[in-house]
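The residues making up each chain are set out below.
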Amino acid sequence: DFKNTDAAIHYRQSAFDLIAHNFGDMGAMLKGKKAFDADTFAMRATHVAALAKIPFEGFVAGSDQGDTDALAKIWQDRADFDAKMSRFQENAAKLALVAQQGEKMAIKQAFMETGKSCKGCHDSYKKD
Ligand code: ASC
């Protein structure tokens, strides 16, 4: 439980910030903006897979009100939101696994799939 909806918003945003930092660095490596380092990439993928499980808890009733980009639509289309969140978690878990195996093409594919699940949810449920 959270003290109030602001605490829930802060909790989920903290996790998303950590996810964005790690995922962004992975993207920079894949796009050649920085050197690809397999160990660092795998570490970040493992972080994202663990962090992906965090935000869900913060989407408590009433927390579309406050300092948040979360749309009220989340609570109206709850089953779809939950499915999209699960999909993101599954894709992130797969990415972490593939990253440890070190096959660059498989890594790129899994990274793109994960990115699609970030964007898919943002397009439906995040203010732009
Ligand atoms: C990121 C980030 C997102 C996703 C999304 C993927 O690095 O901050 O929200 O990737 O842009 O399409």
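What comes next concerns the included structure. (Residues numbered from 1 in each chain as written. Predicted model: local features only at pLDDT ≥ 70, side-chain atom pairs only at ≥ 80, totals over all residues. Heavy atoms only, no water.)

## Observations regarding the packing of helix 4 (residues 78-101) against helix 5 (residues 104-125)
And step 1. Where helix 4 meets helix 5, the axes come as close as 9 Å, and the angle between the chain directions of the two elements is 160°. With respect to each other, helix 4 and helix 5 are oriented roughly antiparallel. Every pair of crossing elements has a handedness; the one defined by helix 4 and helix 5 is left-handed. Contact with helix 4, carried on its side by Asp80, Phe81, Lys84, Arg87, Phe88, Asn91, Ala92, Leu95, Val98 and Ala99, involves Ala106, Ile107, Ala110, Phe111, Glu113, Thr114, Ser117, Cys118, Gly120, Cys121, Ser124 and Tyr125 of helix 5 and no other residues of that element. (Axes fitted to C-alpha atoms, helices over the stretch in contact; angles between N-to-C directions. Helix = DSSP H or I, 4+ residues; strand = E, 2+ residues; numbered from the N terminus. Parallel < 35°, antiparallel > 145°, perpendicular 65-115°, else oblique. Left-handed = near helix turned anticlockwise from the far one by under 90°. Contact = heavy atoms within 4.5 Å.)

## Details of helix 5
Since there are 3.6 residues in each turn of an α-helix, residues three or four apart along the chain are aligned in direction.
And step 1. Between the first and last C-alpha of helix 5 there are 32 Å, a value that for 22 residues agrees with the 32 Å anticipated at 1.5 Å per step.
And step 2. Taken together, the buried positions of helix 5 are Ile107, Ala110, Phe111, Thr114, Ser117, Cys118, Cys121 and Tyr125. What you see down the axis of helix 5 is that its buried residues fit within an arc of 120°, all on one side. Exposed side chains of helix 5 directed beyond 90 degrees from the buried face belong to Met105, Lys116, Lys119 and Asp123.
And step 3. Here the buried face of helix 5 lies against helix 1 (5-30), helix 2 (38-51), helix 3 (73-76) and helix 4. (Expected span 1.5 Å × (residues − 1). Buried < 20%, exposed > 50% of the residue type's maximum accessible area, 1.4 Å probe, protein only. Arc of directions from axis to C-beta.)

## Some points on the site of the ligand
And step 1. Residues in contact with the ligand, as listed here, are Phe23, Gly115, Cys118, Lys119 and His122.
And step 2. The protein chains hide 55% of the 310 Å² of surface that the ligand would expose on its own. (Near = heavy atom within 4 Å. Areas by Shrake-Rupley, 256 points an atom, 1.4 Å probe, with all protein chains shown as cover.)

## A short note on the packing of aromatic side chains
How two aromatic rings sit relative to each other is set out by the distance from centre to centre and by the angle between their planes.
And step 1. All told, the structure shown has seven aromatic pairs when counted by the stated rule.
And step 2. Consider the rings of Phe23 and Phe111, whose centres lie 4.2 Å apart with planes at 10°: the pair is stacked. Placement of the pair is Phe23 in helix 1 and Phe111 in helix 5, with a sequence separation of 88 residues. The two residues Phe23 and Phe111 agree in class, both being buried.
And step 3. The rings of Phe16, Phe59, Trp75, Phe81 and Tyr125 are connected pair by pair, giving a single aromatic cluster.
And step 4. One cation-aromatic arrangement involves Arg12 over Phe59; the distance from NZ or CZ to the ring centre is 4.4 Å. (Phe/Tyr/Trp six-rings, centres within 6.5 Å; stacked < 30°, edge-to-face > 60°. Lys NZ or Arg CZ within 6 Å of the ring centre and 35° of its normal.)

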